[in-house]
Amino acid sequence: MTDPKYAKLFTPYTLNNGVTIKNRMVVAPMTHWASNEDGTFSAEEQRFIGNRAQDFGMFILAASLVSPEGKSFVGEPGVFGEQHLAGLQQAAQTIKNQGAKAVIQLHHGGAKLAAALIGQEAAAPSAVSEEDFQGR
């Protein structure tokens, strides 16, 4: 039997957009460095998702690149091209089949992107020095 002080965690919750999740348990986005070089989902990544959404209300997929100029780490999944759709659809269906809602964390590295991975300087709204990031 669940301790009564935790009972609310296991009750449905309706988000502001009207979507109801079956409970208040959420898998936070985890960086797994497992996507293919072009940002498409790898078999390893699909396996990772395949056994983690059971019994959760929501599963948030890892930080996913919205533009090739913002790549921040090796194995970062992409959501910026048609080549990514099949893997994203498969991941969403896998999560749905486990009873959770699928959500994706959108990401762009901005001033902290990995320039060596994309072969160009940071694409950010303004110049930011390394000192600007200290203490954050």
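Residues numbered from 1 in each chain as written. Predicted model: local features only at pLDDT ≥ 70, side-chain atom pairs only at ≥ 80, totals over all residues. Heavy atoms only, no water.

Examining the packing of aromatic side chains
Reasoning step 1: Under the counting rule described, the total for this entry stands at one aromatic pair.
Reasoning step 2: A centroid spacing of 6.4 Å and a plane angle of 80° characterise the contact between Trp33 and Phe73, whose relative ring orientation is edge-to-face. Taken together, the residues Trp33 in the loop between β3 (26-27) and α1 (43-50) and Phe73 in the loop between β4 (58-65) and α2 (85-97) connect sequence positions 40 residues apart.
Reasoning step 3: Owing to a relative accessible area of 15%, Phe73 belongs among the buried residues under this scheme. (Phe/Tyr/Trp six-rings, centres within 6.5 Å; stacked < 30°, edge-to-face > 60°. Helix = DSSP H or I, 4+ residues; strand = E, 2+ residues; numbered from the N terminus. Buried < 20%, exposed > 50% of the residue type's maximum accessible area, 1.4 Å probe, protein only.)

Brief notes about empty space enclosed by the protein
Vacant regions in the atomic arrangement are exposed by a probe of water-molecule size rolled over the atoms.
Reasoning step 1: With the rule as written, the count across this model stands at one cavity of 30 Å³ or more.
Reasoning step 2: Considered as a void within the structure, the largest cavity measures approximately 30 Å³ in volume.
Reasoning step 3: In terms of lining residues, the largest cavity is bounded by Met30, His32, Phe48, Ile49, Phe59, Ile60, Leu61 and Ala62.
Reasoning step 4: Of all elements in the fold, only α1 and β4 reach the threshold of two or more residues within the lining of the largest cavity. (1 Å grid on protein atoms, 1.4 Å probe; cavity = no way out; pocket = protein on both sides within 12 Å on 5 of 7 lines; lining within 4 Å. Points joined across faces, edges and corners; volume = space filled by probe spheres on them.)

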